[in-house]
Every structure is written in C-alpha cells, then in structure tokens.
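Geometric and topological summary
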Amino acid sequence: MKRVCKTTLSLIALAPSAALAQAPDPDPTALSIAAGYKAAFTCSATFNAGRTPEQIAGDELNRIYPDYRDALAALPAAKIVRQTRKFAGSNEGSSVYRTDNTRYVSVAYDDAMPPRIALWRPSLGCVQLPAGALLDDFKEALTAPPGLEAPGEVTPLQKTAAAPPRLSSVVDKAFNRRSYGRGTETTAVIVVKDGAIIAERYRDGFDETTPQRTWSVAKSIAATIIGAAVHDGLIDVGDDRLLEAWSAPGDPRARITLENLLHMSSGLTSGAAGNRTDDVYFGGGRVIDHALSNRLVAEPGARWRYANNDKMAAMRALRERIGAGAAYRRFPFERVLHPLGMTRTFPETDWNGDFVLSSQVWTTARDLVRLGLLYLDDGVVDGRRILPEGWARYVTTPAPAQPARERGGRARPGYGAQWWLYGARHELPDGTYAARGNRGQYLFIIPERNMLVVRRGFDDNGGAQFDVEQFVRDVLAVTQ
C-alpha cells in the first residue's frame, strides 16, 4: 500500500465491533482500528518484550477478537522502525543538535491516510497516535520524563528446590492444551508458598524476563497505585466531585465517588460490553474523550456493571489530584513498581498522557508475584509501607452491589475493589482473591495457605477459557 507522508491531523469515526463482524470485505474504518491493534501489539511486543515478528504473529496477533480477524488479515506487514535522528535547536544563538533513538511501528491501511503508528518510550511502553496523525507532529510531546529508569538492584525473589513431588505434574498439565480447556495456550506458571517460588515453568519463547499484556489484571495494579495515593493523602476512596468533566453545576455525575469507580458501580453507561473500550485500546482515542463522557443511568453504588471506563476515570481522577506533568507519570514507578522490584513492567498511556490502566500494562509473571507478595504482607515490602494498613482487607471486602452469583450453572466470583473474590462455593479457601485478564492472565492470592498462583497465556478470544479455578484447586491439593 502507498504511504501518505503528509496530511492534516484528524480523527476518524470508528465502526462498532458488531459492524466489523458483518463486513466480509473490511472498509477503511474497520481497517483503521485493526491497523491500530496490529501497530499497538507489534510495538509493545517488540520493544517491551523483545519478541520477533514471527512470534508476534503466532501469539499476540493470533486468535484475537473474532470481529477483527478478517480486517487484520487484510493488512500488510507492520513496519518496525529503529532509527537515530538529530533534532536541530538553538542555545543562545548557536545551533545545537540532540540525538534521539526513535522506535515505532506503523501499519498502512488506506492509500488516502497515513498509517496507524504506535511509538515506544522507555519505561512507558508504546502509545498509539490518533488515526490520521503524523509522527513528527507528536514526537516532542511523547518523550518519557526523567526518573522512570528502573533501579539497578532489587531484592531477588526466593526460590526453593524442595517443590512438592506431585506439583510438577499439575503444572505440566497446564501446558498440554487439553487438561484445563482444549486449545488454551499457557506461557507461564508460577506457584509461591510461604514467600518462596516452589514451581516455575515457561513455554518456549518465554522466560522470567518476558512481559505480556496483562489485559484486565491491570485494574488490580491500578488499584494498588491508587492505594499508594490514598496512603500518601493525595486522594480518598470517599471523595466525590472527582473530575473536571463532571463538575458543571447540576451534573449528577459529581456524586460518583472513587469507591464507586473501584467497585464497578459508577452508574454510568458503558456500551453493550463494558470490557470493550476499543476506541481507546486500538483506535488511538483519548481517555478524556471516551471514558468520561457517558451519562448516568443508575444511582452511584446501586448497580454493579463491569466497565473499563470506571477504572480509566479513577486514574484520571488521580491525575487531576497530582497534576498533568511528569509527577503523575512518575508516580506509579516511584511509589509502587520500583519499590516492589517490578522492573519489567510497562504501564502505557494514551497520547494525552493518561495511563490506560484498565488493560494496557505489560508485565512478567515474576512481577505479578511481587505484586501478590505485597498483598500477602498487607502492603509492606522490605520494611517499607506502600499501601495503607488494611488495604488488602479493603479491596477484598465485597462491594455493596455484586455481579450475578451464577452464569450457566457455574458459580461466578464476587467483586471487591478491582479484585475478584472467591471462596467455599468455588471449592477454594475462603478469602481467596484474584486479578483476572483477557486471554488467560491470572494472579490468585490465597491468604489461608500463604500462597500465590500465577498463570499467563494466549487463550483464544473466541474459544475455550482456561479453567483456572480447577487448576488452582489442583495446585492446592498437592501442596501442603
């Protein structure tokens, strides 16, 4: 396809996902969002995770949402760019140059439009530019601020060679694509007991340093960042009047509290599926344009509805407390990620600088272990308190409004504050809770047994789900 080099900056309307599923020959609008998907995942997998184009095609771009598959197949190969450029400037009348190492991915989709572009930043990962945008229009505004660099040394995770003899066979079953869901694809499993790793295994092409997209596990990471802000006195779960966008006189959305957002009970509309916020995730849209504009349809706190927008709104509220500059972008690193040693975690933003922490975090299985250990230790790491005392109890207290208890005759988990709640009715110890994400991303915390179970995967977006509850039950059965 011909690439257009110059055009005016514009945003294009994005077709709803249902329309994509009905179109045998994807139109440019469908191709635009599919191209954004391909650019974003190729960029993050390449520069966050060091994956090859062949690996990306087989995993990150394989078995994706069914309504994007035809459009994605119609696109040309992604262009992966690593280049060193010099930018001219001046200093007291003298010409100076600075060198910049630019890494980005572009995907062409329409002869009349520029390609979709995802640009990589150190520590912050990849950001999608809006449809119609040119790289040079955004390059200066999207650089990562100083202070995000990972510390040179972190406390190593403990690991024991004395694993229960039957545990290895249970872990092996997670990788055979049959035992816990035919066609599921496991990439990593870690089991932790009493603070030490007792089992750890990776699929070919992955190891302890390879991050994957967390999908909605990011919500639990975001709840941890918000917890740190509560500990610092920057925000409180009871705060209302959270957002400038909801502050007009008489706007009923001003009654929504931070706790309502954490509980998935804002009362706002969220589309047919609250987990599909594709305009932001793949369309290059801004959080402030798509996550804050919905109207109130239920009293805040009265109705549970899973909604990515609630989490994006919560993080936007934190930004409005801290400020729009570098301090906000440093906060997750300085207060949570680096103290925990989560040095292979990339929280990504939109092009307006808002963290998209409902989904767009790339992290390793071991970094999820570090997150789980923080909760088992009630918010303390290396003697330093990161979260308010009792924050683990807060996030695992059932929200007033709850999801349906059953679906298809099977017990569903309850919901706390961005964590899923399990117990005896799931044949798991009471007090068990979990972070869960699309395509089989799981962190289970079992306080009664002082254990963690992490499973990562690339399960089919339109197919069988990994039976994680049965897997955790099997792990517990062979672990004393």
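These lines cover the structure that appears in this document, whether it is placed above or below. This is a predicted model, so every value here is computed, not measured.

The rules behind the values
- Residues numbered from 1 in each chain as written.
- Predicted model: local features only at pLDDT ≥ 70, side-chain atom pairs only at ≥ 80, totals over all residues.
- Heavy atoms only, no water.
- Axes fitted to C-alpha atoms, helices over the stretch in contact; angles between N-to-C directions.
- Helix = DSSP H or I, 4+ residues; strand = E, 2+ residues; numbered from the N terminus.
- Parallel < 35°, antiparallel > 145°, perpendicular 65-115°, else oblique.
- Left-handed = near helix turned anticlockwise from the far one by under 90°.
- Contact = heavy atoms within 4.5 Å.
- Nonpolar A, V, L, I, M, F, W, Y, C, P; charged D, E, K, R; others polar.
- 1 Å grid on protein atoms, 1.4 Å probe; cavity = no way out; pocket = protein on both sides within 12 Å on 5 of 7 lines; lining within 4 Å.
- Points joined across faces, edges and corners; volume = space filled by probe spheres on them.
- Pairing = 2+ DSSP bridges.

1. Considering the packing of helix α7 (residues 217-231) against helix α11 (residues 308-322)
α11 packs onto α7 with a crossing angle of 25 degrees between their chain directions and a minimal axis gap of 11 Å. Here α7 lies roughly parallel to α11, going by the angle between them. In this structure, α7 meets α11 at a crossing whose hand is left-handed. Counting all contacts with α7, which are made through Lys219, Ala222, Ala223, Ile225, Ile226 and Ala229, the residues of α11 involved are Asn308, Lys311, Ala314, Met315 and Leu318. Class assignment for the residues of the contact of α7 with α11 results in eight nonpolar, one polar and two charged.

2. What about the layout of surface pockets?
Its boundaries defined by the atoms lining it, the largest pocket holds a volume of some 1100 Å³. Looking at the largest pocket, it is lined by 37 residues, and the ones nearest its centre are Asn275, Arg407, Trp420, Arg436 and Gln465. Mapped by element, the contributors of at least two residues to the lining of the largest pocket are β14 (410-411), β17 (433-437) and α15 (468-477). For the lining of the largest pocket, the residue count by class is 15 nonpolar, eleven polar and eleven charged.

3. As for the packing of α7 against helix α13 (residues 365-376)
In the contact formed by α7 and α13, the axes pass within 12 Å of each other and the chain directions differ by 45 degrees. Between α7 and α13, the angle is such that the two are oblique. The handedness of the crossing between α7 and α13 is left-handed. Contacts from Val217, Ser220, Ile221, Ala223 and Thr224 of α7 reach α13 at Leu368, Leu371, Leu374 and Tyr375. Taken together, the residues of the contact of α7 with α13 break down into seven nonpolar, two polar and no charged.

4. Looking at the sheet that holds strand β15 (residues 414-415)
Each strand in a sheet pairs with another by means of backbone hydrogen bonds, the pair being arranged parallel or else antiparallel. Across the sheet, eight strands lie side by side as β5-β7-β6-β19-β18-β17-β16-β15; this open sheet has mixed pairing. The open sheet has two edge strands with one neighbour each: β5 (158-159) and β15. Sheet analysis places β15 next to strand β16 (residues 420-421), joined by two bridges and oriented antiparallel. Residue pairing for β16: Tyr415 is matched across the bridge by Trp420.

Spatial relationships are all this shows, so hold off on functional conclusions.
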